[in-house]
Amino acid sequence: MFYSLSDLFWLFLPTLAVGYLWTGMAAKEQVRRVAARYCREQGLQLLDDTVALTRTRLKRDERGQLRLHRSYGFEFTSTGEYRYAGTVVLHGRRITRIQLSPYHVP
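Counting starts from 1 at the beginning of each chain's written sequence and moves along it residue by residue. Only residues with pLDDT of at least 70 are given local features in this predicted model, and only at 80 or more are side-chain atom pairs given and counted; all residues enter the totals for whole chains, interfaces and linings. The basis for the side-chain values is all heavy atoms of the structure; hydrogens and waters are excluded.

1. Focus on the overall build of the protein chain
Starting at the N terminus, helices and strands are each numbered in turn, a helix being any DSSP run of H or I of at least four residues and a strand any DSSP run of E of at least two. Along its length, the protein chain carries one helix and five strands. In the protein chain, the succession of α and β elements from N to C terminus is α-β-β-β-β-β. Put simply, the radius of gyration uses C-alpha atoms, and a globule should come to 2.2 Å times the residue count raised to 0.38. Against the 2.2 N^0.38 benchmark of 13 Å for 106 residues, the protein chain shows a C-alpha radius of gyration of 18 Å, more extended than a compact globule. For the protein chain, the spread of C-alpha atoms along the three principal axes comes to 70 × 30 × 15 Å. Throughout, a residue-residue contact means that at least one pair of heavy atoms, one from each residue, lies within 4.5 Å. Across the protein chain, contacts joining residues at least 24 apart in sequence account for 40% of those joining residues at least 6 apart. Accessible areas in this description were obtained via Shrake-Rupley with a 1.4 Å probe; residue shielding takes into account the shown protein chains only. By element, 58% of the accessible surface of the protein chain is carried by carbon and sulfur atoms, the whole surface being about 7,800 Å². In this tally Asp and Glu are treated as negative and Lys and Arg as positive; neither His nor the chain ends contributes. Where a charge lies is defined by one atom per residue type: Lys uses NZ, Arg uses CZ, Asp uses CG and Glu uses CD. Across the protein chain, the mean location of the 16 positive side-chain charges is 7 Å away from that of the 9 negative side-chain charges.

Here is the structure:
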């Protein structure tokens, strides 16, 4: 039995989608742990214990290889009174940036 190119494409497409979702869940969990630890180290509290994917794109790393460049947003508090925004950038499997908006220091 032979498969046509379109048959192989339709078999490969769901596999690719499942792989993307699987790696996306692992990346989100990694970013959540990093954000929680960073907030703890800074004396802040990560609110809702969650991060949200805000942007995904392809970008070259320092070796010139294309990698997924994902940006995640989260909220934190310094006093328990106000919510502030933060961002974590994941390039491939590496955290490249953690950025916090200006917040009130108690």
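2. Some thoughts on the side chain of aspartate 61
In this structure, aspartate 61 sits in the loop between β2 (52-60) and β3 (66-77). When its relative accessible area of 12% is taken as the criterion, aspartate 61 is described as buried. Distance and chemistry together define a polar contact, namely a pair of N or O atoms within 3.5 Å, with one atom able to donate a hydrogen and the other to accept it when in protein, and with adjacent residues in sequence counting only for side-chain atoms on both sides. Of note is the side chain of aspartate 61, whose polar atom sits 2.9 Å from the backbone nitrogen of glutamine 65. A polar contact of 3.1 Å, which involves the side chain of aspartate 61, links it to the side chain of arginine 67. Whether a residue is buried, partly exposed or exposed follows from its accessible area with a 1.4 Å probe, protein chains only, as a fraction of its type maximum: under 20%, in between, or over 50%, in that order.

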